[in-house]
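Chain and residue survey
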Amino acid sequence: MNAPFQSWAKLITCTFIFLYALLAGCTSNVTSYTAGSLIEPESDGENRLWSLSEKFDEGLVKSDSLYQDEELEAYLKSIIDKLFPEFEGSMQVRILKAPVLNAMALPNGSIYVNSGLLAVIENEAQLATILAHEGEHFVQKHGAKRREYVIQAAGWGMVSGVLLAGAGIPAELATLGAISSISGYSREAEAEADNLGYLRLKRAGYDVYEAPKVFRYMIREVEAEEIKQPYFFASHPKLERRVENFENLNKEAETAVKQERGEKQYLDKLSSLRKIALKSKLERGQYKALIALLTAEGAEESYGETGAFLLGEAYRLRGKEGDQELARASLLAAQEAGLNSAEMYKSIGLNEYKSGNNNEAMSAFSRYLDVADKADRERSFISMYMEKLKREQDE
Amino acid sequence: MNKIYKITLAFSLIALTACVPNWKPVEPAAYVKQDGFSILLPEGWLKLENPNNNSVVASTDGPNLQSFVVIQKELKDSFKTTKVEVDANILSYELMEYFIAEFKANSGDVVVEVESKEAAEVSGQDGFRVVFTYKNQKGLRFKQIVYGCNNASKLYTLTYHAPVLYYFDKNVAEFENSTKTFQIL
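Quick notes on the rules
- Residue numbers here run from 1 along each chain, matching the order of that chain's written sequence.
- For naming, the first written chain is A and the first written ligand is 1, with later ones following in the order written.
- Whole-chain, interface and lining totals are the exception, using all residues; otherwise, since this is a predicted model, local features are given only for residues with pLDDT of at least 70 and side-chain atom pairs are given and counted only at 80 or more.
- Derived side-chain values reflect all non-hydrogen atoms in the structure, with water molecules and hydrogen atoms excluded from consideration.
- Per the convention used, a helix needs a DSSP run of H or I reaching at least four residues, while a strand needs a run of E reaching at least two, with both numbered from the N terminus.
- Categorising residues by exposure relies on relative accessible area from a 1.4 Å probe, with only protein chains included: less than 20% of the type maximum marks a residue as buried, more than 50% marks it as exposed, and the intermediate range marks it as partly exposed.
- Note on contacts: a residue pair qualifies if any of its non-hydrogen atoms lie within 4.5 Å across the two residues.
- Here the axes come from fitting lines to C-alpha atoms, over the contacting stretch only for helices, and the angles between their N-to-C directions go from 0 to 180 degrees.
- The handedness criterion is simple: a crossing whose near helix is rotated anticlockwise from the far helix by less than a right angle is left-handed, and one whose near helix is rotated clockwise is right-handed.
- Residue classes follow a fixed rule: Ala, Val, Leu, Ile, Met, Phe, Trp, Tyr, Cys and Pro count as nonpolar, while Asp, Glu, Lys and Arg count as charged, and any other residue, Gly among them, counts as polar.
- A simple way to read buried area is as the amount of 1.4 Å-probe accessible surface that goes missing from two parts once joined, with both sides added.
- In the sections that follow, a salt bridge refers to a side-chain nitrogen of Lys or Arg positioned within 4 Å of a carboxyl oxygen of Asp or Glu.
- Segmentation into domains, and thus their bounds, comes from an automatic or database assignment.
- Throughout this description, a polar contact denotes any pair of N or O atoms lying within 3.5 Å of each other; where both atoms belong to protein, one of them has to be capable of donating a hydrogen while the other can accept it, and for residues adjacent in sequence the pair is counted only when both atoms sit in side chains.
- Being paired, for any two strands, means DSSP has found at least two bridges between them.

A few words now on the overall build of chain A. If you tally the helices and strands in chain A, you get 18 helices and four strands. Residues classed as buried in chain A amount to 56% of the 395 residues present. Taking the intrachain contacts of chain A between residues at least 6 apart in sequence as the baseline, contacts between residues at least 24 apart amount to 70%.

Have a look at this one:
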């Protein structure tokens, strides 16, 4: 089973990058927005990109891909407006239901941050790092500048159109999504967004020492999942280089006094979403990434009993040697911290059942049936395992 | 969902190469036998003639409107995205958890919800029944039922997929009846 969207977007973006490389010497006529600019498309090409972006926005709403939370969106908007006061109201930040650590900026000022990324960052300064970076993509019109290269590439539209028609995905929308992500622009555009974004962080009074941590979290996830850095990183600044870049900027900035990190307000606003997003990482099978995140320094305090439960689940499902013991310890820690959910008892029961601890399994399964919703169809599994255990005891 | 895209893609490629997919009416009361399993498909449906002996594809109005797909796969090849290693002794609940994870991990940017999950007997084996739903970018909702089980080192899945609007309800009962005839050989 391959993800059709991802495969096609990947193929097209690779083609795009190849064509882009051929045209790397070309210069752009697109001018960035400046304070006082009218925020609107300035050419037919930009108009087309805005129109595509709006379609993309609509598609995400129609497909229920967004977390709709007005209070949370207002919080994100307040940060982007603080970072870009001269463009107040020009950018709209929304949260995508997606566990992958990513964010993207579209040419019309729509910025999307994945819930998975919000789950791993720890404070407002780190969130501001992402928003400053994405906001700079918009202000510098990186989407329009990149489009200029694309339209010069003969055959591009035809090739992508034919290929994507087979996957049922409008070619331009797939490409727009792929190239607008956190590292989907050119190497130069990414570096520019990092550097200009850094200046905005500083001006807004955020603790700039938090900036490189965002990319460290990405490195941790990439390493835990044993994946190669995403394909587009091949022609873009490596994550390690971006950490280095931020650290060098910090050295040059002579910012001895650490400024606002905004940890409390971030966690207050995001605590519920962070838990949901962590759960969705588990449901997508990102067990190794979850274990790396939840065993990191400070994770126990940051994620509480939900973190302990999800860590237990991640160990149980990873299923390596010794994981059953680690799962048991984490699940018991969650229980001792006061978690009393049906899910937790089910997890304890399954772990003990697999370990051959039948009495403990029976006890946890019984608790599950006591606590679980009577209409929950998953009860059928647990009842079946309990019957098997009873039969074994009788024999 | 992913299979639908694959089927659509297969059709497109076939069309491009000027070939015509070979759909044949399901013969009344005739079991479709493949290497390792057999099933009685709903009468009046069309079955895609398929050189692959590990799967069966059927539909009545076309695979974009409803599809019934049976697949037999090696367990070790079934969780390539999530990179989970499972053995034949896996619990049916765990098999379902890994199946859902793999399905979601392969769904790209589409937000897939699990509507229900429950234990199910599949060809006399402990198995699962999961119902997935998702919406495409035009807001059209799809629903997919998957029955699954393993037998030794093989994973078997029986999938029904259709848009919720009209088509899902139209043929779901036939699918459910047909799953009862599935036999691992």
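From this point, the discussion proceeds with the structure in view.
Attention now goes to the packing of helix 16 (residues 342-355) of chain A against helix 18 (residues 379-394) of chain A. To describe two helices that pack against each other, one gives the angle between their axes and the distance between the axes. All names here are of chain A. In the contact formed by helix 16 and helix 18, the axes pass within 12 Å of each other and the chain directions differ by 35 degrees. Between helix 16 and helix 18 the crossing geometry is left-handed. Within the contact between the two elements, helix 16 uses Lys346, Leu350 and Tyr353 and helix 18 uses Ile382, Tyr385, Lys388 and Leu389. Among the residues forming the contact of helix 16 with helix 18, the class breakdown is five nonpolar, no polar and two charged.

Now for the interface of chain B and chain A. Across the contact, 49 residues belong to chain B and 38 residues belong to chain A. Interface area, chain B with chain A, both sides summed: about 3800 Å², of which 53% is carbon and sulfur. It is Leu91, Tyr93 and Gln137 of chain B that lose the most area in chain B upon contact with chain A, and together they represent 17% of the buried surface on that side. Between the two partners, chain B and chain A, sit eight salt bridges. With its nearest N and O atoms 2.6 Å apart, the salt bridge here joins Glu97 of chain B to Arg316 of chain A.

The next thing to look at is the domain arrangement of chain A. All names here are of chain A. The assigned domain composition of chain A is domain 1 (3-252) and domain 2 (276-394). Contacts between domain 1 and domain 2 engage twelve residues on the former and 14 residues on the latter. Across the interface of domain 1 and domain 2, roughly 1200 Å² is buried in total on both sides, 55% from carbon and sulfur atoms. The three residues of domain 1 that bury the most area against domain 2 are Pro99, Arg220 and Glu225, which together make up 41% of that side's buried surface. Put simply, domain 1 and domain 2 have two salt bridges between them. Put simply, Lys281 and Glu221 hold a salt bridge, and the shortest N to O gap is 3.0 Å. The tally of links from domain 1 across to domain 2 stands at five residue pairs in polar contact (both at pLDDT 80 or more). Ranked by the residues each element gives to the side of domain 1 that touches domain 2, the list is headed by helix 4 (residues 115-120), at four residues.

Residue and element names in this part refer to chain A. Taken across its five residues, strand 2 (residues 92-96) has four buried, putting it largely inside the fold. Direction of pairing for strand 1 (residues 66-67) relative to strand 2: antiparallel, over a ladder of two bridges. If you follow Leu66 over to strand 2, its bridge partner there is Leu96.

Bringing the pairing of strand 10 (residues 154-163) of chain B into the picture now. All names here are of chain B. Burial of strand 10 is extensive: nine of the ten residues sit out of reach of the surface. The pairing of strand 6 (residues 67-74) with strand 10 spans eight bridges and is classified as antiparallel. Opposite Glu74, over in strand 10, you have Lys154 as the bridge partner. Across ten bridges, strand 9 (residues 141-151) lies against strand 10 in antiparallel orientation.

As a further point, take the side chain of Lys143 of chain B. Assignment of secondary structure puts Lys143 of chain B in strand 9. For Lys143 of chain B, the contacting residues outside a window of four places in its chain are Glu115, Val131, Phe132, Thr133, Tyr160, His161, Ala162, Val164 and Phe168 of chain B.

The next thing to look at is the sheet that holds strand 1 (residues 23-25) of chain B. All names here are of chain B. Sheet architecture is open: eight strands sit in the order 1-4-5-6-10-9-8-7, paired in antiparallel fashion. The open sheet has two free edges, formed respectively by strand 1 and strand 7 (113-122), since each of these has just one partner strand. Geometrically, the sheet is characterised by an average inter-axis angle of 20 degrees between neighbouring strands, direction not taken into account. Note: strand 5 (residues 55-59) against strand 6, four bridges, orientation antiparallel. Counterpart to Val56 in the pairing with strand 6 is Val70.

Right, let's get into the sheet that holds strand 2 of chain A. Read across the sheet, four strands follow the order 1-2-4-3 (chain A) without closing on themselves; strand pairing throughout is mixed. Both edges of this open sheet fall to strand 1 and strand 3 (103-105) of chain A, since each of them pairs with a single strand only.

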